[in-house]
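Below, each chain spelled out in residue letters.
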Amino acid sequence: MLQITYKDYAALRAHGEETYPHECCGVLLGRSEPSANGAPVRNRVRQIVRADNTRTDSAHNRYNIAPQELIKIQRHARTLGLDIVGFYHSHPDHPAQWSPTDFAEAHWIGCSYVITSVEQGKASITNAFLLIGSSEEDKRFTDQGIEIDVQNIDANPARVKAKLPLNPQKGKA
Amino acid sequence: MNIHIPTPLRVYTGGAETVSIPGGTITDVFAALTTQFPELKQQLFTGEGKLRSFVNVYFNDEDLRYLPEKEATPVSDSDELTIIPSIAGGCCTCCPLL
């Protein structure tokens, strides 16, 4: 499960709308909670950080975060007592489903990869995938539920959680 | 020197985010690191002993690949080594990988 506040969830979707028709990208900072067997089952996002897409040659269908920027973000996370627990990017006019390129370039096992489809400039579906495995050779993506914490929204102090559908293409957030 | 371990590799360092290794060269530091944490070796290096293509290593703020002496660069206790896997991707499912 990926837990994220509504504010951060809305912000990463808005980022995709702002950069349309190009892909946006960013980093999810938070904490991973391991399961009994040591595998993280829940990534709790506490902050999202926007990153520059360095793939200016093909920004409509590729993204890349410069390692130097990633190191700065990791240092920032350390000062907050947080870790990098995932990444997000957008798919302009493409489904919110991981692509062969996403898979080939995914190396952060245990981290969440959040993808938002942006259709004609409007954020549509947002899905999360957890990269699991023990190495490059046996890694794979698995669907990950998104739990949105809407605490402190407007005047409603109640803690409400919206659990989004696991099936990537059957529900709109 | 301090070596900063990224989130996905901490499972191989007992959860340690930072590992301290005595100086020498970067090669010496990697040798000591993978001796202390043997499972890290196959995560970082190919069977031929080369750094995997997606593993970025920064010596302080410099990319290891662009250091004049590369892995032979001498290090001191105040230096930092950061291991950071690459992050990239993209939506296109119709085209060859670019």
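Residues numbered from 1 in each chain as written. Chains lettered and ligands numbered in written order. Predicted model: local features only at pLDDT ≥ 70, side-chain atom pairs only at ≥ 80, totals over all residues.

Peer 1: Honestly, the overall build of chain B in this entry has me stumped. Any pointers?
Peer 2: Looking only at helices and strands, chain B features two helices and eight strands. Shown N-terminal to C-terminal, the secondary structure of chain B runs as helices and strands in the order β-β-β-α-α-β-β-β-β-β. Reported as C-alpha extents along the three principal axes, the dimensions of chain B are approximately 50 × 35 × 25 Å. Within chain B, contacts between residues at least 6 apart in sequence are counted, and of these 58% link residues at least 24 apart. (Helix = DSSP H or I, 4+ residues; strand = E, 2+ residues; numbered from the N terminus. Contact = placed C-beta atoms within 7 Å.)

Peer 1: Before we go on, may I ask you to explain the interface of chain B and chain A in this structure?
Peer 2: When the parts of a complex come together, some accessible area is lost, and that lost area is often taken as the interface size. Facing 21 residues of chain B, the contacting portion of chain A comprises 33 residues. When contributions to the side of chain B that touches chain A are tallied by element, the ones reaching two or more residues are helix H2 (40–44), strand E4 (55–59), strand E7 (80–85) and strand E8 (87–89) of chain B. Here the side of chain B that touches chain A is composed, by residue class, of twelve nonpolar, nine polar and no charged. As judged from the three bridges shared by strand E4 (residues 63–65) of chain A and E8 of chain B, these two strands associate in the antiparallel manner. Each residue of the ladder has a partner; that of asparagine 64 of chain A, found in E8 of chain B, is alanine 88 of chain B. (Nonpolar A, V, L, I, M, F, W, Y, C, P; charged D, E, K, R; others polar. Pairing = 2+ DSSP bridges.)

Peer 1: How should the environment of phenylalanine 141 of chain A be read in this particular structure?
Peer 2: Inspection of the secondary structure assignment puts phenylalanine 141 of chain A in strand E8 (residues 140–144). Ignoring sequence-local partners within four residues, the contact set of phenylalanine 141 of chain A consists of Trp98, Phe103, Phe129 and Leu131 of chain A.

Peer 1: Honestly, unusual backbone geometry in this entry has me stumped. Any pointers?
Peer 2: Backbone geometry follows two general trends: most residues other than glycine have a negative phi, and most peptide bonds adopt the trans configuration. Here the bond from tyrosine 20 of chain A into proline 21 of chain A is cis, since omega is 10°, no more than 30 degrees from zero. Positionally, proline 21 of chain A belongs in the loop between helix H1 (6–19) and strand E2 (25–34). Its identity as a non-glycine residue notwithstanding, aspartate 93 of chain A has a phi of 55°, on the positive side. By the element assignment, aspartate 93 of chain A lies in the loop between strand E5 (83–92) and helix H3 (100–104). Not every positive phi belongs to a glycine, and asparagine 60 of chain B is a case in point at roughly 55°. With respect to the secondary-structure elements, asparagine 60 of chain B resides in the loop between E4 and strand E5 (62–63). Classification of asparagine 60 of chain B as exposed rests on a count of 12 C-beta atoms within 10 Å. (Buried ≥ 20, exposed ≤ 12 C-beta atoms within 10 Å, placed from the backbone.)

Peer 1: What am I meant to see in the environment of serine 76 of chain B here?
Peer 2: All names here are of chain B. By the secondary structure assignment, serine 76 is in the loop between strand E6 (74–75) and E7. Separated by 54 residues in the primary sequence, serine 76 and proline 22 have C-alpha atoms spaced 7.9 Å apart. Setting aside anything within four residues of it in sequence, one finds serine 76 in contact with Met1 and Gly23.

Peer 1: Help me understand the nonpolar core in this model?
Peer 2: Note that soluble globular proteins tend to have their nonpolar side chains buried in a common cluster. Core analysis: the largest hydrophobic core is formed by 56 residues, its most contacted members being Val27, Leu28, Phe87 and Tyr113 of chain A together with Ile83 of chain B. Examining the composition of this core, we find that five residues originate from one element, strand E7 (residues 122–132) of chain A, more than from any other. Not counting residues within four places of it along the chain, the set of residues in contact with leucine 28 of chain A comprises Val45, Ile48, Val85, Gly86, Phe87, Tyr88, Ser112 and Val114 of chain A. (Core = buried A, V, L, I, M, F, W, Y, C linked by C-beta atoms within 7 Å.)

Peer 1: Help me understand the sheet that holds E4 of chain B in this model?
Peer 2: To summarise the sheet geometry, strands pair through backbone hydrogen bonds and adopt either a parallel or an antiparallel arrangement. A sheet is described by the order of its strands in space; here five strands give the open sequence E2-E1-E7-E4-E5 (chain B), paired in mixed fashion. Where the open sheet ends on each side, the last strands, each with one partner, are strand E2 (18–20) and E5 of chain B. Note: E4 of chain B against E5 of chain B, two bridges, orientation antiparallel. Residue pairing across strands places phenylalanine 59 of chain B opposite glutamate 62 of chain B, the latter belonging to E5 of chain B. Against the sheet, helix H2 (residues 67–79) of chain A makes contact with E4 and E7 of chain B, and its axis sits at roughly 110° relative to E7 of chain B, the strand it touches most. (Axes fitted to C-alpha atoms, helices over the stretch in contact; angles between N-to-C directions.)

Peer 1: Would you mind going over helix H1 (residues 26–36) of chain B with me for this structure?
Peer 2: Turn by turn, an α-helix covers 3.6 residues, leaving residues three or four places apart pointing in a common direction. Those residues of H1 of chain B not exposed but buried are Ile26, Val29, Phe30 and Leu33 of chain B. The buried residues of H1 of chain B occupy one face: seen down the axis, they fall within an arc of 95°. (Arc of directions from axis to C-beta.)

Peer 1: Teacher, can you tell me more about the pairing of strand E9 (residues 146–149) of chain A here?
Peer 2: Each regular strand carries side chains that alternate between the two faces of the sheet. All names here are of chain A. The two faces of E9 differ: Ile146 and Ile148 on one face are buried, but Glu147 and Asp149 on the other face are not. Here strand E1 (residues 2–5) runs beside E9; their pairing, made up of four bridges, is parallel. Looking at the pairing, glutamine 3 lines up with glutamate 147 of E9.

Peer 1: Help me understand the confidence of the model for chain A, please; the structure alone is not making it clear to me.
Peer 2: As a general rule, the predicted coordinates of low-pLDDT regions are not to be interpreted in detail. This prediction gives chain A a mean pLDDT of 87; 83% of its residues lie at or above 70. A low-confidence stretch, residues 155–173 of chain A (pLDDT under 50), is modelled with 28 contacts involving residues beyond four sequence positions or located in other chains. (pLDDT = per-residue confidence, 0-100.)

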